[in-house]
Amino acid sequence: MPQDLSEALKEATKEVHTQAENVEFMKNFQKGQVTREGFKLVMASLYHVYVALEEEIERNRENPVYAPLYFPEELHRRAALEQDMAFWFGPGWEEAIPYTPATQRYVRRLHEVGRLEPELLVAHAYTRYLGDLSGGQVLKKIAQKALGLPSSGEGLAFFTFPNVASATKFKQLYRSRMNSLEMSPEVQQRVIEEAKTAFLLNIQLFEELQELLTQDAKDQSPSQAPGLRQRTSSRVQDSASLETPRGKPQPSVLSRAPLLRWVLTLSFLVATVAVGLYAM
Ligand code: HEM
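Values in this document were obtained by computation on a predicted structure and should not be read as measured data. (Residues numbered from 1 in each chain as written. Predicted model: local features only at pLDDT ≥ 70, side-chain atom pairs only at ≥ 80, totals over all residues. Heavy atoms only, no water.)

Caption draft 1: Spotlight on the packing of helix H8 (residues 101–116) against helix H12 (residues 185–219). Packing of H8 against H12 brings their axes to within 8 Å, and their N-to-C directions diverge by 160°. On the basis of the axis angle, H8 is roughly antiparallel to H12. Of the two possible hands of crossing, H8 and H12 adopt the one that is left-handed. On H12, the residues that touch Pro101, Ala102, Thr103, Arg105, Tyr106, Arg109 and Val113 of H8 are Glu194, Ala198, Leu201, Asn202, Gln204, Leu205 and Glu208. Taken together, the residues of the contact of H8 with H12 sort by class into seven nonpolar, three polar and four charged. (Axes fitted to C-alpha atoms, helices over the stretch in contact; angles between N-to-C directions. Helix = DSSP H or I, 4+ residues; strand = E, 2+ residues; numbered from the N terminus. Parallel < 35°, antiparallel > 145°, perpendicular 65-115°, else oblique. Left-handed = near helix turned anticlockwise from the far one by under 90°. Contact = heavy atoms within 4.5 Å. Nonpolar A, V, L, I, M, F, W, Y, C, P; charged D, E, K, R; others polar.)

Take a look at the structure:
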């Protein structure tokens with residue numbers, strides 16, 4: 001007997017879900033090991049992802065392949081992420097936020113699907129929104145504690161769904177709407193494959209962020225080769241060094257330029273020796 005789409009999706013993505021939970025960035029996050037720098041990077045990526053996802057959802061809001069899942073009031077995250085971006089990056093956030101290559105790949109796929117294969121959009125909406133309503137709630141509490149954020153929820157609007165009274169009940173409704181979509185077995189199979197792709201795009205995004213953070217930490221030590229800022233686009237460069245939220249000072253030029261620091265130290269030593277020799 002053919003399976004309901006909701007069950008088929010849950011079953012087919014079980015393995016890749018475990019994989020997502022075990023990505024280093026996520027494992028650290030679950031242990032409360034998340035820095036402001038890492039949190040800002042991931043939230044900025046999510047901002048780009050949701051802008052693209054919700055643009056494609058709006059395009060297909062009346063398309064029967066998606067219409068039953070159109071819940072803008074309950075689910076859409078763009079406005080919440082805009083609030084979070086302003087909190088974390090300040091008033092000029094639109095110009096300042098990073099846009100990493102893996103995020104760009106994810107965004108590209110979302111636009112392809114929305115424009116060319118809208119019957120697969122359900123896979124992307126499922127992967128993000130049901131995930132946010134499930135594990136996302138745990139991650140919110142962890143972030144609040146680890147980053148010392150106020151319980152009022154400032155900086156964490158993304159994780160709050162004011163128009164969803166019960167996440168459990170809403171997920172049930174969402175699953176029944178997914179199951180009501182008219183879908184041939186062939187399309188259902190493609191949707192399942194696309195959901196796995198959506199998970200993989202998330203995994204790649206987290207892996208890349210972890211790499212950027214690790215490289216950035218190495219760059220703080222003078223003996224290392226240039227990393228994050230030199231290797232990625234300028235938008236990553238600018239923001240990846242913003243370790244502090246709005247209001248706190250940025251790292252000084254010297255702490256950002258180890259080579260300059262060494263040159264100055266060396267010059268100082270040479271000058272000291274020269275003065276010593278002159279005095280003799
Ligand atoms: C630290 C990482 C994560 C944790 C702790 C976590 C935890 C959970 C939990 C507890 C559930 C509820 C399971 C249930 O109701 O049976 C869930 C469901 C879900 N998660 Fe995650 N998750 C994580 C990462 C992710 C990621 C990265 C994604 C995808 C981007 C994701 C997508 C989903 C989806 C789509 C569901 C709904 C499954 C269904 O009911 O069909 N999760 N997650």
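Resuming the write-up.
Caption draft 2: A look at the coordination of the iron atom of the ligand. The protein supplies the iron atom of the ligand with one donor atom, His17 (NE2), which lies at 2.1 Å. Along the chain, His17 falls in helix H2 (residues 14–21). (Donors = N, O, S within 2.8 Å, 3.2 Å for Na, K, Ca; no water.)

Caption draft 3: Main features of the pattern of salt bridges. Enumeration over the complete set of coordinates arrives at eleven salt bridges. We note a salt bridge from Arg190 to Glu119, for which the minimum N-O separation is 2.7 Å. With Arg190 in helix H12 and Glu119 in the loop between H8 and helix H9 (121–133), this residue pair connects regions lying 71 residues apart in the sequence. For Lys196, the salt bridge goes to Glu193, with nearest N and O atoms at 3.5 Å. Highlighted residues: Lys196 and Glu193, both in helix H12, separated by three residues, approximately one helical turn. When its relative accessible area of 29% is taken as the criterion, Lys196 is described as partly exposed. Given the relative accessible area of 37%, Glu193 is considered partly exposed. Ionic contacts of the salt-bridge type, sharing partners, join the residues Arg109, Glu112, Glu117, Glu119, Glu186, Arg190 and Glu194 into one network. (Salt bridge = Lys/Arg side-chain N within 4 Å of Asp/Glu carboxyl O. Buried < 20%, exposed > 50% of the residue type's maximum accessible area, 1.4 Å probe, protein only.)

Caption draft 4: The arrangement of the UniProt feature "binding site: heme b" (unreviewed entry) in the protein chain in detail. Within this numbering scheme, the UniProt entry marks Lys10, His17, Tyr126 and Arg175 as carrying the feature "binding site: heme b" (unreviewed entry). When the annotated set is filtered for residues lining the largest pocket, what remains is Lys10, His17, Tyr126 and Arg175. Mapped onto the elements, Lys10 comes out in helix H1 (residues 5–12). Overall, Arg175 belongs to the partly exposed group, its relative accessible area being 28%. The residues contacting Arg175, other than those within four sequence positions of it, are Ser6 and Leu130. (UniProt positions renumbered as here; feature names shortened; annotations may be inferred. 1 Å grid on protein atoms, 1.4 Å probe; cavity = no way out; pocket = protein on both sides within 12 Å on 5 of 7 lines; lining within 4 Å.)

Caption draft 5: Spatial organisation of the side chain of Thr127. As for its position among the elements, Thr127 is in helix H9. For Thr127, the contacting residues outside a window of four places in its chain are Ala195, Ala198, Phe199 and Asn202.

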